[in-house]
Amino acid sequence: MSSPIIANGKIYVATINDNADTTRGNRASICCLDIQTGPIEWTYKPRNSVKNSIASDSGKIFAQDAHGWLYAVNSANGQVEWEKQLIQSFPYVSEGLTAVDGVVYAGSGESLTAFKAQDGSVIWKNTDWKKNESSTTTIAVGEGVVVSGSQWGALYS
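Throughout what follows, the structure given in this document is the object of discussion.

The rules we used
Residues numbered from 1 in each chain as written. Predicted model: local features only at pLDDT ≥ 70, side-chain atom pairs only at ≥ 80, totals over all residues. Heavy atoms only, no water. Helix = DSSP H or I, 4+ residues; strand = E, 2+ residues; numbered from the N terminus. Buried < 20%, exposed > 50% of the residue type's maximum accessible area, 1.4 Å probe, protein only. Contact = heavy atoms within 4.5 Å. Areas by Shrake-Rupley, 256 points an atom, 1.4 Å probe, with all protein chains shown as cover. Core = buried A, V, L, I, M, F, W, Y, C linked by side-chain atoms within 4.5 Å. Pairing = 2+ DSSP bridges. Axes fitted to C-alpha atoms, helices over the stretch in contact; angles between N-to-C directions. Phe/Tyr/Trp six-rings, centres within 6.5 Å; stacked < 30°, edge-to-face > 60°. Lys NZ or Arg CZ within 6 Å of the ring centre and 35° of its normal. Disulfide = S-S within 2.5 Å. Salt bridge = Lys/Arg side-chain N within 4 Å of Asp/Glu carboxyl O.

### Observations concerning the overall build of the chain
At step 1: When its secondary structure is counted, the chain shows 0 helices and 15 strands.
At step 2: For the chain, with 157 residues in total, the buried portion stands at 48%.
At step 3: Nonlocal contacts in the chain, meaning residues at least 24 apart in sequence, comprise 42% of its contacts between residues at least 6 apart.
At step 4: Accessible area of the chain: about 7,900 Å², with a carbon and sulfur share of 52%.

Below, the structure is given as structure tokens:
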């Protein structure tokens, strides 16, 4: 469900594992592929499926999984550099995240948070609106404004 991104001369994509086949383990992953020849260079296994966009900034690939974990994975070697648990809420997290100018915007509703891309420290956290149903929106950032949506609710900025 994640569109691939191109950064640092590589292709990055996240995958899902919704078939609940526990005999094979969790097959969800964040992958790096060689842009010229296609082989997978590294794979990182998040706790759950990534249901929307991933982003690149500050030498890291950012993804949030369906259970609300945010991952900062080193784009060169696939090692997790930091991770944060966003507020866990039902339904699962399917919103997309955005990374711009050293800041990662992730979560939805009461878990919408701006993090420093370098170390995961919190810059600010939303306290003004709650999450409704899960949504497939991706956070938009521009001209000093962050815009996110809430399924059956509203747009918030």
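### Considering the nonpolar core
At step 1: Core analysis: the largest hydrophobic core is formed by 15 residues, its most contacted members being Tyr12, Ile30, Trp42, Tyr44, Ile54, Ile61 and Val73.
At step 2: Of all the elements in the fold, those that place two or more residues in this core are β1 (5-7), β2 (10-14), β3 (30-34), β4 (40-44), β6 (60-64) and β7 (69-74).
At step 3: If one sorts the elements of this core by residue count, β7 sits on top with 3 residues.
At step 4: Filtering out sequence-adjacent residues up to four positions away, Ile30 remains in contact with Val13, Ala14, Trp42, Thr43, Tyr44, Pro46, Ile61, Ala63 and Val73.
At step 5: Grouped together as the second largest cluster of nonpolar side chains are 12 residues, Ala55, Phe62, Leu70 and Leu86 included.

### Some details on the sheet that holds strand β10 (residues 103-106)
At step 1: Read from one edge to the other, the open sheet built from 4 strands follows the order β9-β10-β11-β12, with strand pairing classed as antiparallel. Two strands in the sheet have a free side with no partner beyond their single neighbour: β9 (98-100) and β12 (122-125). In this sheet, adjacent strand axes meet at a mean angle of 15 degrees when their direction is disregarded.
At step 2: Here strand β11 (residues 113-116) pairs with β12 via 3 bridges, running antiparallel. The partner of Phe115 across the bridge, within β12, is Val122.

### Some thoughts on the packing of aromatic side chains
At step 1: As enumerated under the stated definition, the model contains 5 aromatic pairs in all.
At step 2: Between Trp82 and Phe115, the ring centres sit 5.9 Å apart and the planes meet at 40 degrees, which makes this aromatic pair tilted. Of this pair, Trp82 sits in strand β8 (residues 80-85) while Phe115 sits in strand β11, and the two are 33 residues apart along the sequence. Here the two residues Trp82 and Phe115 agree in accessibility, since each one is buried.
At step 3: Three or more aromatic residues link up through ring pairs in this structure, and these residues are Phe62, Trp82 and Phe115.
At step 4: Note that Arg47 overlies the ring of Trp69, its terminal NZ or CZ placed 3.5 Å from the centroid.

### A word on the state of the cysteines
At step 1: In the structure shown here, the tally under the stated rule is 0 disulfides.
At step 2: Among the cysteines around Cys31, which has no disulfide bond, Cys32 carries the closest sulfur, lying 8.8 Å off.
At step 3: Of the residues examined, Cys31 reaches a relative accessible area of 8% and is grouped as buried.

### Considering the pattern of salt bridges
At step 1: Evaluation of the coordinates by the stated rule reveals 3 salt bridges.
At step 2: The salt bridge partner of Arg47 is Glu83, with a shortest N-O separation of 2.9 Å. Residue Arg47 is found in the loop between β4 and β5 (55-57), and its partner Glu83 is found in strand β8; the two are separated by 36 residues along the sequence.
At step 3: Between Glu81 and Lys60 there is a salt bridge; the shortest N-O distance is 3.2 Å. Placement of the pair is Glu81 in strand β8 and Lys60 in strand β6, with a sequence separation of 21 residues.
At step 4: Glu81 sits in the partly exposed class, given a relative accessible area of 38%.

Read these as spatial facts, not as claims about activity.
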